[in-house]
Amino acid sequence: MGAQGIYTMKQDQNSNTPTRIFLTDYKTPDFNIKDIHLYFNLHETQTVVTAKMNFVRTNTAAKDLVLAGGEHVKLLSLAINGEKLPATRYQVEGETLTIKDVPSEFLLQSEVEINPEANKSCEGLYLSGGIFCTQCEAESFRKITYFLDRPDVMTTYTVEMEADEKKYPHLLSNGDNISKKSLGNGRHHAMWKDPFKKPSYLFALVAGDMGVITDTFKTQSGKTVKLEVYAPHGKQERCKHAMVSLQKSMKWDEERFGLEYDLGTYMIVSIDDFNMGAMENKGLNVFNSRLVLADVKSATDTDFEMIESVVGHEYFHNWTGNRVTCRNWFELSLKEGLTVFRDQEFSADMNSRSVQRIKDVDSLRSRQFSEDTGPNAHPVRPESCLAVDNFYTATIYEKGAEVIRMMQTIVGRDGFRKGMDEYFKRHDGQAVTIIDFAEAIAAPNKADFSQFKRWYSQAGTPNVTVTENYDQASGTLTLTLAQSCELTVTEKAENKEKLPFHIPLKFGLIDQAGKELSTHNQVLHLKESSQTWTFTGLSTRPVVSLNREFSAPVKLKWNRSNADLLHLIKFDTDAFNRRESCSKMLFDETAKLITAYQNKTDLQPNPEIIQALGYVLNDSAIDAQFKALILSMPSDSQLAQEQTVLDPAALFNAKLAIKKAFAITFKTDLLATYEKHHALNTIGDRALKNRILGYGISTESTEWTAVADKQYWSAKNMTDKISALSCLSETHSDVTDKALNDFHATWHTDSVVFNKWLSVQAVSSNEKTFARVQAATQAKGYDSTNPNNLYSLHGGFAGNYLRFHTDSAETYKWFADELMRIDKVNPQVGARLAQAFTFTKKLPTNLKTLAQAQVQRMLASETLSKNARELLEKTLG
């Protein structure tokens with residue numbers, strides 16, 4: 001594979017099978033680009049892009065220049081140093097352009113034509129709601145023009161564009177606006193220049209007629225930065241929360257890491273058709289509209305939290321991703337894992353640190369731990385792939401963030417800041433590797449990360465088995481920790497050996513009176529396969545609180561008594577482990593009931609568990625928002641990971657038995673608590689009352705249905721309205737369809753809120769769910785190519801184990817048909833939906849046979865993208 005094409009997927013010429021690429025294939029580019037000047041003559045169906053690029057050869061052995069290009073890029077002309085090239089000097093083959101025998105330094109001018117209106121992939125340059133916009137990460141700049149489309153080629157960009165002045169009054173790109181002018185022919189022109197070098201994936205262009213809100217931010221050095229947030233006309237007022245979040249992010253990054261914004265303008269644009277959540281393009285962020293638009297009538301408390309977090313995430317990328325970027329896509333976690341850690345810390349500082357940590361870990365366990373136990377398990381720094389777009393996973397993002405967090409635990413918060421300063425000192429303006437980052441953190445702290453780096457190269461979630469022994473006579477506690485990590489399917493095939501990780505575990509000891517005992521070392525560093533620690537001078541057996549704050553992304557294997565867990569719920573000073581103790585009780589009890597269901601025995605939850613939930617409910621000292629989290633049931637994904645056979649009906653009914661038992665036993669208390677918090681109006685009050693409503697609705701009683709119905713019709717905010725609608729969708733009451741129809745009538749013209757209507761129906765356990773999902777594809781407001789609609793409806797339904805995995809082939813066949821239709825126009829979305837079949841191997845034989853038949857049918861399609869193919873192939877066997 002040629003140096004320029006090292007990260008370009010190529011087809012085997014004798015096969016439709018794409019070639020796998022490897023981390024070890026990496027070679028530095030044969031050419032660099034000193035600068036690029038782009039001119040866009042924007043038209044809906046015939047946009048002409050002229051690029052002028054100054055190339056310099058860096059590999060003397062390279063005679064030909066090989067550029068990557070998209071399949072729908074039409075080459076019009078090429079010239080070197082002003083001389084037009086004849087067709088004999090270049091060759092277009094597949095998605096590459098080869099120019100033969102080029103000089104060591106030269107100016108290349110190319111002219112291409114593209115059709116933004118026909119582009120439905122939401123990659124490259126496309127139209128969304130009448131707005132020109134771009135999305136170039138990971139390898140979609142090549143869909144705009146021929147280029148060295150790889151992250152280690154960084155250069156400065158000057159961008160000019162012209163467009164219809166009435167239809168597209170705003171012409172935006174990266175950097176600073178140099179000029180604007182009318183061309184006098186109904187068109188106008190703008191020029192932008194970004195003084196900072198960047199890779200092509202950070203290029204952005206937006207042209208459209210939009211509303212905008214503006215504000216400013218004064219940096220710590222006294223510079224005034226102009227802030228602009230764009231959205232469709234009439235919706236710009238819903239951008240205020242995003243604006244405030246941006247200002248908070250800029251201030252926080254200055255205070256926490258000493259990082260100041262480096263341009264004069266920072267822009268955010270809201271787009272309806274967007275594959276990702278948002279994109280950190282230098283100075284011009286393009287956002288999925290659901291992560292910008294918010295007010296109390298249209299957005300939930302979770303939406304507000306997500307907007308704050310994602311606005312922060314994209315802003316923080318200005319330094320961790322833009323100023324310093326990844327050398328190649330195998331190093332993606334360099335920017336994403338680090339920036340997720342930064343946005344998690346930002347959210348923790350803006351809100352409740354303990355609540356934020358619990359939410360982050362819940363997401364990690366549901367999404368990333370699931371990847372680790374599935375067929376597509378991969379390390380934080382993957383070793384190979386078919387499609388780099390498939391690197392955008394929870395492992396790269398969320399587990400990558402946990403690895404960064406462990407680094408901070410090892411060197412301390414102040415030490416981590418010193419390491420970050422060293423990182424920017426060494427690598428500002430460069431494309432580097434994960435190892436470069438680790439060495440920068442280690443250097444000022446004199447830390448040895450040689451063993452710790454295994455977190456980047458070894459896949460899987462480590463298990464830590466805990467054995468404790470207390471000797472009353474000597475007042476001694478011995479704690480033995482043993483680590484292990486199962487080999488993934490790929491590692492087994494390659495006969496790999498798992499070496500011990502460096503696992504930092506925060507801990508504490510709680511005595512029988514509930515008092516925290518002083519310990520000499522607050523972190524246990526597990527580095528061997530097995531290690532033992534001894535604690536002396538203990539008058540009574542203490543209760544151990546281990547992996548506090550979830551200091552390491554591991555699974556604790558520990559046979560704990562319910563008495564010890566309840567003791568931690570009551571007395572642990574670590575909020576995370578208080579909630580963790582209740583979660584473990586619920587998880588273990590659910591697992592027992594799953595077995596009981598499969599053995600066809602009565603589902604009778606342990607009364608101790610129900611009483612523990614009652615204790616939490618009635619403890620007035622527990623904050624409402626925290627209490628709502630403690631009372632949450634384990635997710636289906638978490639439970640499925642630990643099941644040898646994934647039996648959707650058993651899983652659903654086991655959880656239902658616990659919910660019903662709690663709701664019936666504590667009915668009076670639940671109703672009273674609901675009424676108390678319904679009268680209040682904080683995030684915590686809403687979280688708790690809606691958690692209670694979910695428990696109540698599980699009883700299928702008319703009383704709780706009436707409560708949900710009343711809440712729906714009287715709700716003054718979207719949090720309460722959508723929570724009530726979700727509860728009603730679980731019932732068989734006549735009021736359900738009335739509420740669903742009302743929500744649709746009210747919101748089907750709002751592209752953001754409409755997705756909530758789709759999602760509520762897709763995830764419901766109601767037996768009408770599949771019929772409702774099918775009907776929703778014909779409903780007003782539904783767009784069969786819009787990524788948000790597809791994630792909400794198809795993605796939501798795929799995660800609904802009970803209604804997706806049925807002994808009728810209908811659901812699988814319908815989903816496979818839809819996936820193939822979507823994949824043809826948008827491979828990124830198709831690949832995400834392909835994850836519906838992740839747990840296929842774990843299904844009961846009858847369901848596995850049905851699911852795999854559809855997987856094989858999809859794989860037999862010659863038009864299936866490499867993105868979906870890579871994920872689906874691994875689900876068989």
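Residues numbered from 1 in each chain as written. Predicted model: local features only at pLDDT ≥ 70, side-chain atom pairs only at ≥ 80, totals over all residues. Heavy atoms only, no water.

A. Here's a closer look at unusual backbone geometry. Here E137 and A138 are connected by a cis peptide whose omega angle stands at 5°. Note on placement: A138 falls in the loop between β11 (131-135) and β12 (155-164). Phi at K600 is positive, roughly 60°, even though this residue is not glycine. Looking at the element boundaries, K600 is found in the loop between α11 (575-598) and α12 (607-618). The exposure class of K600 is exposed, given its relative accessible area of 75%. (Helix = DSSP H or I, 4+ residues; strand = E, 2+ residues; numbered from the N terminus. Buried < 20%, exposed > 50% of the residue type's maximum accessible area, 1.4 Å probe, protein only.)

B. Expanded view of the nonpolar core. Counting residues in hydrophobic clusters, the biggest one holds 159 residues, and the most contacted among them are F40 and F416. Top contributing element to this core by residue count: helix α5 (residues 394-411), with seven residues. Once residues within four sequence positions are removed from consideration, F40 is found in contact with T47, V48, V49, L125, I144, V159, E160, M161, E162, F203 and L205. If you look at the next biggest cluster of nonpolar residues, it comprises 105 residues, including I594, C727, W747 and Y812. (Core = buried A, V, L, I, M, F, W, Y, C linked by side-chain atoms within 4.5 Å. Contact = heavy atoms within 4.5 Å.)

C. Summary view of the sheet that holds strand β25 (residues 463-471). Strand order in the open sheet formed by four strands is β30-β26-β25-β32, with mixed pairing between adjacent strands. Where the open sheet ends on each side, the last strands, each with one partner, are β30 (530-535) and β32 (555-557). Taken pair by pair, the neighbouring strands of this sheet meet at an average axis angle of 25°, ignoring direction. Pairing between strand β26 (residues 476-484) and β30: six bridges, direction antiparallel. Considered in β30, the bridge of L481 is made with Q531. (Pairing = 2+ DSSP bridges. Axes fitted to C-alpha atoms, helices over the stretch in contact; angles between N-to-C directions.)

D. Quick look at the confidence of the model for the chain. For the chain, per-residue confidence averages 96 on the pLDDT scale, and 98% of positions sit at 70 or higher. Counting interchain partners and residues more than four positions distant, the pLDDT-below-50 stretch residues 1-15 has 43 contacts. (pLDDT = per-residue confidence, 0-100.)

E. Quick look at helix α19 (residues 718-728). Of all the eleven residues making up α19, ten are buried; the element is thus mostly covered by neighbouring parts of the structure. Residues of α19 that are buried include every one of M718, T719, D720, K721, I722, S723, A724, L725, C727 and L728, and no others. Contact partners of the buried residues in α19: α2 (301-316), α17 (683-697), α18 (702-714), α20 (735-747) and α21 (754-762). Its side-chain oxygen 3.2 Å from the backbone nitrogen of T719, N717 forms the N-cap of α19. (Polar contact = N/O pair within 3.5 Å; in protein donor to acceptor, adjacent residues only side chain to side chain.)

F. Fine view of the environment of T265. Relative to the helices and strands, T265 is located in strand β19 (residues 265-271). Residues T265 and V225, 40 residues apart in the sequence, show an inter-C-alpha distance of 5.5 Å. In this view, T265 contacts D176, V225, K226, E228 and G283; residues no more than four positions away in its chain are not counted.

G. How the structure looks around the pairing of strand β18 (residues 224-231). Across the eight residues that make up β18, a large majority, six, are buried. In terms of strand pairing, strand β17 (residues 211-218) meets β18 through eight bridges, oriented antiparallel. Within β18, the position partnered with F217 by the bridge is V225. Count of turn residues in the β17/β18 antiparallel hairpin: five residues, of which G222 carries a positive phi of about 100°. Here β18 runs beside β19; their pairing, made up of five bridges, is parallel. What sits directly across from E228, in β19, is M267. This β-α-β element, β18 to helix α1 (residues 240-257) to β19, shows left-handed connectivity. (Right-handed = clockwise from strand over helix to strand, strands pointing away.)

H. Layout of the packing of α18 against α19. Two elements in contact, α18 and α19, have axes whose closest approach is 8 Å; the angle formed by their N-to-C orientations is 145°. In the packing of α18 onto α19, the handedness of the crossing is left-handed. Along its contact with α18, which presents T705, A708, D709, Q711 and Y712, the element α19 presents D720, K721, S723, A724, L725, C727 and L728. Of the residues in the contact of α18 with α19, the class split is six nonpolar, three polar and three charged. (Left-handed = near helix turned anticlockwise from the far one by under 90°. Nonpolar A, V, L, I, M, F, W, Y, C, P; charged D, E, K, R; others polar.)

I. Expanded view of the side chain of H502. When you line up the elements, H502 lands in the loop between α9 (489-493) and β27 (503-510). The class of H502 is buried, set by a relative accessible area of 5%. A distance of 2.9 Å separates polar atoms of two side chains, one belonging to H502 and the other to H525.

J. Representation of the sheet that holds β19 in the model. With mixed pairing, five strands are arranged side by side in an open sheet as β17-β18-β19-β21-β20. For this open sheet the edge positions go to β17 and β20 (278-279), each flanked by a neighbour on one side alone. In this fold α1 packs onto β17, β18 and β19, with an angle of close to 20° to the strand it touches most, β17.

K. Region of the structure containing the packing of aromatic side chains. Throughout the structure, instances matching the rule amount to 47 aromatic pairs. Ring geometry for W319 versus F424: centroids 5.3 Å apart, planes at 75°, classification edge-to-face. Taken together, the positions of W319 in the loop between α2 and β22 (325-326) and F424 in helix α6 (residues 413-427) put the pair 105 residues apart, joining distant regions of the chain. We note that W319, like F424, is buried. Here Y392 and Y397 contribute two aromatic rings whose centre-to-centre distance is 6.3 Å and whose plane-to-plane angle is 50°, an arrangement assigned as tilted. Members of the aromatic cluster, joined through ring pairs, are W252, F257, Y261, Y266, Y315, F316, F341, F346 and F416. (Phe/Tyr/Trp six-rings, centres within 6.5 Å; stacked < 30°, edge-to-face > 60°.)

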